[in-house]
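Results of the structural survey
If you want the building blocks of each chain, they are given just below.
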Amino acid sequence: MQESEDLDPLSSLVNLFDVAMVFSVALMAALVSYLDLGEMLFSNEFTLVKNPGEQDMEIVIKQGQEIRAYQADETQQATGERGRPIGTAYQLESGEIIYIPN
């Protein structure tokens, strides 16, 4: 009976499946850590700007359980005017706002 278990070719596949599962979980954890996705998944509020300064720019805002996405052309449709970014504003921990023109 012992010899038949040793000759079973499928027994080695079980070990390979376990190794593949551990590797895939470790890869997912590394990607979440590298891409800083933890903040998006676990924080109550965040803002994400995709393709900043481009024609297809998108702003994603999460407040509590609500997630809203704005396209760059939505502003143009609402006002009927076109615009372009002219700089960047930063708010420091002290509350002071610094504007840096392009």
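Residues numbered from 1 in each chain as written. Predicted model: local features only at pLDDT ≥ 70, side-chain atom pairs only at ≥ 80, totals over all residues. Heavy atoms only, no water.

Considering the overall build of the protein chain
We count it as follows: A run of DSSP states H or I qualifies as a helix once it reaches four residues; a run of E qualifies as a strand once it reaches two. Both are numbered from the N-terminal end. The buried label applies to any residue whose accessible area, calculated with a 1.4 Å probe on protein chains only, is under 20% of its type's maximum; exposed applies above 50%, and partly exposed to all values in between. In this description, accessible areas are obtained by the Shrake-Rupley approach with a 1.4 Å probe, and a residue is regarded as covered only by the protein chains that are shown.
Each helix and strand counted, the protein chain has four helices and five strands in total. In the protein chain, the succession of α and β elements from N to C terminus is α-α-α-β-β-β-α-β-β. Across the 102 residues of the protein chain, 6% fall into the buried class. Carbon together with sulfur atoms contributes 59% to the accessible area of the protein chain, which is approximately 9200 Å² in total.

As for the side chain of E58
Test applied: By the convention used here, residues are in contact when the closest approach between their heavy atoms is within 4.5 Å.
Among the secondary structure elements, E58 is positioned in strand β2 (residues 58-63). Contact partners of E58, with chain neighbours within four places excluded, come to L48, V49, K50, A69, Y70 and Q71.

Structural notes on the sheet that holds strand β3 (residues 66-71)
For the record, the criterion: Any two strands with at least two DSSP bridges between them are considered paired. Axes, fitted as lines to C-alpha atoms, cover a helix only where it is in contact. Angles between the N-to-C directions of the axes lie from 0 to 180 degrees.
Read from one edge of the open sheet, three strands run β1-β2-β3, paired in antiparallel fashion. Each edge of the sheet is formed by a strand with only one pairing partner; in this case those strands are β1 (45-50) and β3. Going from strand to strand, the sheet's axes swing by 10° on average, the running direction of each strand aside.

Re helix α2 (residues 11-34)
What counts here: Expected helix span is taken as 1.5 Å per residue step, with the number of steps being one fewer than the number of residues.
Given a rise of 1.5 Å per residue, 24 residues ought to cover 34 Å, and the 35 Å separating the end C-alpha atoms of α2 matches this to within 8%. Directly beyond the C-terminal end of α2, a positive phi value near 55° is found at D36.

Here we look at the pairing of strand β4 (residues 87-91)
Note that β4 and strand β5 (residues 97-101) share five bridges and pair antiparallel. Residue Q91 lies in a different strand from β5, and its bridge partner there is I97. Count of turn residues in the β4/β5 antiparallel hairpin: five residues, of which G95 carries a positive phi of about 100°.

Purely geometric numbers; function is a separate question.
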